[in-house]
Amino acid sequence: MPDLNCTYRPSAVKCNGFDPRAFRWAQTMRLAVEEINQSEKLLPNHTLGYKIFDSCAYPLTGQRAALAVLNGPDEAHSPTCIGASPLLAVIGESGSAQSIVVSRILQPFRIPMISYFSSCACLSDRRKYPTFFRVIPNDDYQVKAIAQLLVRFNWTWVGLVRGDHEYGRFAVQGLLRELQGTRVCVAYQEMIPLLYNRQRALEIMRVMRSSGAKVVVVFSAEGEMTPFLRDYMKQNITGIQWVASEAWITASVFTGSEYYPYLGGTIGFGIRQGHIPRLSDYLQTVEPHRYPSNPLVQELWGALYGCAPSPSFGSVLPPCSGEESLLEQHSAYMNTSSPRVAYNVYKSVYAIAYSLHNLLLCQPGSGPFHNNSCAQSNNIHPWQLQHYLQDVAFSIGGEEVNFDLKGDSILYYDVINWQRGSEGKIEFVNVGLFDGTKAAGKELVIQEERIIWAGHQSEVLVSVCSASCLPGSRKAVRRGEPVCCFDCVLCDSGKISNQTDSIDCTACPQDFWSNTEGTACIPKKVEFLTYDSLGIALTVIAVVGACLTLAVLAVFLYHRNTAIVRVNNSELSFFILLSLVLCFLCALVFIGEPTSWSCMLRHTAFSITFSLCISCILGKTLVVLAVFTATMPGNNIMKWLGPKQQRAIIFSCTLVQVVICATWLIDAPPIPYRNTQYERSKIILECSVGSSLAFWCVLGYIGLLACLCFVLAFLARKLPGNFNEAKFITFSMLIFCAVWLAFIPAYISSPGNYADAVETFAILASSFGLLFCLFAPKCYIILLKPEKNTKQHLMGKEKK
Ligand code: TRP
């Protein structure tokens, strides 16, 4: 940039390098103008003139060019002051930043301009840029397309890099807007400085490398991308999937084979291509000896061949041989197979020609201007041309060209993918289409199978901050980080998530619980004391107990005439044995699925059989006491304790329990109850006692009987006789009470089905206690010591 301190005439801007691509566009404009001038149909009898300025892709130079063309060669000869402006329309600028400046300068003169490459959405503001037209889609569509592309390939962690100009600024702004509400997050935003700065570029690359975002969207042009990519390649970074904006997706400077490992697979939206039949031949006519005084042609040769065609221009390059000829291989300039931007230039020239043509066709008296007047053909004002430009409609190469009220046109993009072509060079392959006129969501059509991704891969690359959460877990956002970065947390038990990337785990409905993976709700397991190992063990013990008792009963029946059986009140012994069998059997009711019947049966059967059993023992104790006290003179107690009375005692004692049980069953019977509180993952099927008062009454009554029995037996234990049963009854009651006292805390603290097991165990233990204490000694004598089974021995009299 020359120094603009206004103390001396500023020197000309020195451009940094030569852009053969832009030179091609300029030649395309010349071609179009020549075509129109030769045409008999379009603008007959008129010749278009033009002037081409080099803005060097800088806004300031663009501004100078615009002012230069407005001012004319010099003031004295300028026709500006006499009539209409000699300048009717401007084609350009290429970059949006330059277009903005030029448009503002042209605005007071109402000179229309048509840009072929300025896509910034900002230029669609008709109030700010009333004379601006363009033949390239507004970037609003491009950012929409890029957002859809990112979403489509599930690239949720992307970096944004842009150049330092309006185009980059507005495009990034637009893309961020489009990405709002999608699952895509932006990892970083970086800007390549306007005046390239290696330090800054290296910093950007460091960010690219450390962020983990594999996909990088770049809104920039080849001008600033070239040095950036050169440094990028030096850093040897690979594995980046570039998403290129339309400004560089078709830039042939990057097609060299050395770029492929770094840029191969790049995808982006390109301007649609057209066909200009004579372009290739026309470009070849540009040669130094044909245009010896044109500095741009000299520079083209310098850029393509590295030589100076005529040394007079003060170039430092070696002189050319003169053999150099333009061939297809000089793609930077000669790439004419699919003109995209050049085609836009071509269209722009034709748009102006057609508008002028329409303007000249105007019939006096039916014109569009004041009083239906027409424009004067020899004094056309630019604003009059603008009027016709706004309404122009023509077709070129089968494509319709017109402008909407904002000066925009066409809404199509090609999806372009950089693939390896012949000689390892990069080729731009068309793999799809974005049609902005289609309904939302249907705009983007991509042939995915034709795409080659970065690193010469056929699989879509993954660019995410956090891998997605599998079913059974949920996302947990990390504090202070974008939503795309999250941890996966397993669902709590009882909650599930059945989709990948769930935000929340849902609780299972009642009676359902999560499976171990946390992906589905399954019905809760219903547990009760069943025939598993515990249940079977208890059943076996109960059956064994019952059998043993029956065996004892059989022994007693068989030896019913021996002394020991007869002395000890055989009838009551049989009663006790029978009730003990029932006691053992009632343990079985506790095993198996609780139903309303078994629930009612459980406690009642148990309590009644036990009351019966203890009552019998009580009866026996009373008899023992009575027998021994009756031996004392004057005591006639045995009269009151005959067999009838004994039965009455047993019956009445049992009856009390029966009454309690009946009241219980009538008032609040035990019912099966699905306990979900105790363990949340299971349903424990148990019998609720219905009324705990009744339950404890029943137990308490048995306890009362047992205590009574114990006290009486205790009193009788010292009474004489070799076989004093009272001793054994005392023992049995001790064991009985111990078992049931231990039962209470165990029962209360046992969960669901184990409470049943505890109760069953207590029943069995106490029954065995009774059986052994009461009958084992007798069986011992009956079976093993029959010699002692005499009345004398039993009475302790035989020694005497
Ligand atoms: N579409 C871009 C724009 O509107 C194209 C472009 C041309 C460009 N020349 C540029 C972008 C220079 C950045 C710099 O600006």
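Predicted, not measured: the structure shown is a model, and the values here were computed from it.

Criteria and thresholds
- Residues numbered from 1 in each chain as written.
- Predicted model: local features only at pLDDT ≥ 70, side-chain atom pairs only at ≥ 80, totals over all residues.
- Heavy atoms only, no water.
- Helix = DSSP H or I, 4+ residues; strand = E, 2+ residues; numbered from the N terminus.
- Buried < 20%, exposed > 50% of the residue type's maximum accessible area, 1.4 Å probe, protein only.
- Disulfide = S-S within 2.5 Å.
- Salt bridge = Lys/Arg side-chain N within 4 Å of Asp/Glu carboxyl O.
- Expected span 1.5 Å × (residues − 1).
- Contact = heavy atoms within 4.5 Å.
- Pairing = 2+ DSSP bridges.
- Patch = residues over 30% accessible without salt bridge, like charges linked within 9 Å, V, L, I, M, F, W, Y side chains within 5 Å.
- Areas by Shrake-Rupley, 256 points an atom, 1.4 Å probe, with all protein chains shown as cover.

A. Seen up close, unusual backbone geometry. Following Gly92, the chain continues into Glu93 via a peptide bond in cis, with omega recorded as -10 degrees. Position of Glu93 among the secondary structure elements: in the loop between β1 (90-91) and α3 (96-106). Even without glycine at this site, Asp501 takes up a positive phi of about 60 degrees. The exposure class assigned to Asp501 is partly exposed, which follows from its relative accessible area of 30%.

B. Quick look at the state of the cysteines. Applying the stated rule across the entire model yields nine disulfides. With its sulfur 1.8 Å from that of its partner, Cys307 forms a disulfide with Cys320. The sign of the S-S torsion, about 95 degrees, decides the handedness of the disulfide formed by Cys307 and Cys320: right-handed. On the criterion of sequence distance, the pair formed by Cys307 in the loop between α11 (295-305) and α12 (331-334) and Cys320 in the loop between α11 and α12 is long-range, its members being 13 residues apart. For the pair Cys307 and Cys320, a shared accessibility class is recorded, and that class is buried. Its sulfur unpaired, Cys613 is 4.7 Å from the next cysteine sulfur, which belongs to Cys583. Looking at Cys616, it has no disulfide partner, and the nearest cysteine sulfur is the one in Cys613, 6.5 Å off. Overall, Cys616 belongs to the buried group, its relative accessible area being 0%.

C. Focus on the pattern of salt bridges. Counted under the stated rule, the structure contains 22 salt bridges. In this structure, the salt-bridge partner of Glu34 is Arg30, at a minimum N-O distance of 3.8 Å. Here Glu34 and its partner Arg30 are both found in helix α1 (residues 20-38), four residues apart, which amounts to about one turn of the helix. Glu34 sits in the partly exposed class, given a relative accessible area of 26%. Three or more residues are tied together by salt bridges with common partners; here these are Lys525, Glu527, Glu679 and Lys682.

D. Region of the structure containing helix α2 (residues 59-71). For α2, built from 13 residues, the straight-helix expectation of 18 Å at 1.5 Å per residue is met to within 8% by its first-to-last C-alpha distance of 18 Å. Of all the positions in α2, only Thr61, Gly62, Ala65, Ala66, Val69 and Leu70 are classed as buried. Looking at the buried positions of α2, the neighbouring elements they touch are α3.

E. Structural view of the environment of Val207. Tracing the sequence through the fold places Val207 in helix α6 (residues 198-211). Considered as a pair, Val207 and Glu787 are 580 residues apart in the sequence and their alpha carbons are 106 Å apart.

F. Region of interest: the pairing of strand β22 (residues 682-688). Counting buried positions over the seven residues of β22 gives six, a clear majority of the element. With three bridges connecting them, strand β20 (residues 525-527) and β22 associate as parallel partners. Within β22, the residue paired with Lys525 across the bridge is Lys682. As judged from the five bridges shared by strand β21 (residues 671-675) and β22, these two strands associate in the antiparallel manner. Along β22, the bridge assignment pairs Tyr673 with Glu686. Between β21 and the antiparallel strand that follows it, β22, lie six residues.

G. Just a nonpolar patch on the surface, in detail. Together, Tyr531, Ile536, Val540, Val544, Leu548 and Phe772 line one region of the surface with nonpolar side chains, adding up to about 530 Å² of accessible area. Ranked by residues supplied to the nonpolar patch, first place goes to helix α15 (residues 533-558) with four residues. With a relative accessible area of 46%, Tyr531 lands in the partly exposed category.

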